[in-house]
Amino acid sequence: VGDNGAVTSTLRDLPGWKHVYSGKVRDLYRPDGEGDRPPGPAGTMLVVASDRVSAFDHVLSPGIPGKGELLTTLSLWWFDTLSDVPNHLQPDHTIDENVPSGARDLIPGDVSGRAMLVRTLEMFPIECVVRGYITGTGWLEYQESGTVCGIALPAGLSNGDRLPEPLFTPAFKAELGEHDENITFERVVEIVGVEDAEALRALSLSVYDRAARLAESRGLILADTKFEFGRDPVTGVIALADEVLTSDSSRYWDAEAWNAGSTPTERMASFDKQIVRDWLAANWDKTGTPPELPAEIVERTAARYRELLERVTSV
Ligand code: ATP
Ligand code: MG
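Residues numbered from 1 in each chain as written. Chains lettered and ligands numbered in written order. Predicted model: local features only at pLDDT ≥ 70, side-chain atom pairs only at ≥ 80, totals over all residues. Heavy atoms only, no water.

Enquirer: Can you help me understand the site of ligand 1 in this one?
Expert: As a structural note, the neighbourhood of ligand 1 is formed by 19 residues, with Tyr 21, Lys 24, Arg 26, Lys 173 and Glu 228 the closest of them. Taking His 88, its side chain carries an N or O atom lying 2.8 Å from a nitrogen atom of ligand 1. Contact between ligand 1 and Arg 119: a nitrogen atom at 2.9 Å from a main-chain N or O atom of the residue. Look at ligand 1: alone it shows 600 Å² of surface, and the protein chains cover 90% of it. Mapped onto the shell around ligand 1, the elements with two or more residues apiece are strand 2 (26-31) and strand 6 (115-119). Looking at the shell around ligand 1 residue by residue, the classes come out as ten nonpolar, three polar and six charged. (Near = heavy atom within 4 Å. Polar contact = N/O pair within 3.5 Å; in protein donor to acceptor, adjacent residues only side chain to side chain. Areas by Shrake-Rupley, 256 points an atom, 1.4 Å probe, with all protein chains shown as cover. Helix = DSSP H or I, 4+ residues; strand = E, 2+ residues; numbered from the N terminus. Nonpolar A, V, L, I, M, F, W, Y, C, P; charged D, E, K, R; others polar.)

Structural data, given as structure tokens:
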């Protein structure tokens with residue numbers, strides 16, 4: 001797939017499934033009539049999270065061991081916790097090991113733990129980002145224009161500051177290899193229509209709000225996160241798709257460090273791929289192929305991902 005050679009090397013033949021697409025992190029499969037396993041129901045996809053890690057739109061090498069399984073476990077936990085929000089999981093995809101499940105029969109053993117059985121939705125080409133704190137591309141835009149996605153913000157904010165209220169700051173979902181682009185809400189309206197644009201914004205803000213409160217109760221700050229939504233072609237319902245509230249799609253910080261810290265680095269003690277972004281920013285001029293990640297960065301990232309899962313999901 002494009003210039004990210006890592007993709008093909010990790011693909012496996014999955015009995016009963018045919019590979020249809022690979023993004024930077026996930027490999028998608030559709031039911032295949034051939035093979036010795038029964039095909040999944042029509043409209044079903046198998047979404048397999050790999051250990052690949054991407055930053056600045058490049059897939060890096062090596063991957064982060066255990067990452068795919070951690071992302072999947074965390075997504076499933078959040079889908080379950082937010083169970084009143086429609087999502088793309090097949091109804092029989094339960095995380096309860098004691099419930100007899102069609103999903104378990106359909107998910108090949110090779111990828112169990114890192115795969116989700118989902119309904120294929122008509123995806124909106126919008127990354128539904130919500131920011132409760134300002135950093136990343138939001139911080140870059142703010143420094144240039146005092147705005148984020150066209151929304152004017154108070155003067156004098158520092159990198160990592162809490163925003164007066166959480167903001168819906170959408171991005172247009174670029175083709176593989178291209179950079180996602182921050183857009184205004186008016187642009188979202190032009191792309192998907194006013195009704196869906198308002199629905200996406202309301203859903204995003206409400207899920208962020210619930211998740212941020214829950215994170216807070218675990219001593220974590222959910223600084224920002226990105227949702228992807230799609231429409232169920234059968235019911236017409238807008239559902240939460242892709243991964244949700246993971247360490248790839250979100251910035252999680254340690255609340256104690258944020259409160260005590262006096263520099264941006266001290267305040268933003270990340271449980272996410274910021275460790276990788278920071279190392280890469282310091283060691284690569286963003287031209288040509290990114291350098292290999294050092295073992296120490298890989299291990300530290302893996303450890304932080306594991307710690308996040310424990311902190312979020314333990315009661
Ligand atoms: P890109 O979409 O550009 O490949 P990416 O590199 O982030 O972006 P991944 O996250 O690795 O891609 O792959 C997951 C892909 O599957 C995304 O394109 C996402 O929009 C899509 N997807 C996730 N859930 C569903 C669903 N239920 N129905 C259809 N597509 C889905
Ligand atoms: Mg993605």
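Once the structure has been displayed, the description carries forward.
Enquirer: Looking at this model, I keep getting lost on the confidence of the model for the protein. Mind explaining?
Expert: Residues of the protein with pLDDT of at least 70 account for 89%, and the chain-wide mean is 89. This model gives residues 1-9 a pLDDT under 50, and the stretch forms twelve contacts once residues within four places in sequence are excluded. Note on residues 94-100: pLDDT under 50 across the span, and seven contacts to partners over four residues away in sequence or across chains. Scoring of the predicted complex yields 0.91 for pTM and 0.95 for ipTM. (pLDDT = per-residue confidence, 0-100. Contact = heavy atoms within 4.5 Å.)

Enquirer: Teacher, can you tell me more about the sheet that holds strand 6 here?
Expert: In any sheet, the strands associate via hydrogen bonds between backbone groups, in a parallel or an antiparallel arrangement. Pairing is antiparallel across the open sheet formed by four strands, whose spatial order is 1-2-3-6. Pairing within the sheet leaves two strands with one partner each, and these edge strands are strand 1 (17-22) and strand 6. Each strand axis lies, on average, 30 degrees off the axis of its neighbour in the sheet, ignoring direction. One ladder, built from four bridges, connects strand 2 with strand 3 (residues 44-49); its direction is antiparallel. Bridge pairing in strand 3 places Asp 27 opposite Val 48. Sheet contacts for helix 2 (residues 67-81): strand 2, strand 3 and strand 6; angle to strand 6, the most-contacted strand, approximately 45 degrees. (Pairing = 2+ DSSP bridges. Axes fitted to C-alpha atoms, helices over the stretch in contact; angles between N-to-C directions.)

Enquirer: Explain helix 5 (residues 185-192) to me, please; I cannot follow it from the model alone.
Expert: What sets the pattern is the α-helix's 3.6 residues per turn: residues three or four places apart point alike. Buried residues of helix 5: Phe 185, Val 188 and Val 192, and no others. On an axial view of helix 5, the arc spanned by its buried residues comes to 50 degrees, and they lie on one face. More than 90 degrees from the buried face of helix 5, the exposed residues found are Glu 186 and Glu 190. Looking at the buried positions of helix 5, the neighbouring elements they touch are strand 8 (126-133), strand 11 (162-168) and helix 6 (194-217). Phi for Gly 193, located one or two positions after helix 5, is positive at around 90 degrees. (Buried < 20%, exposed > 50% of the residue type's maximum accessible area, 1.4 Å probe, protein only. Arc of directions from axis to C-beta.)

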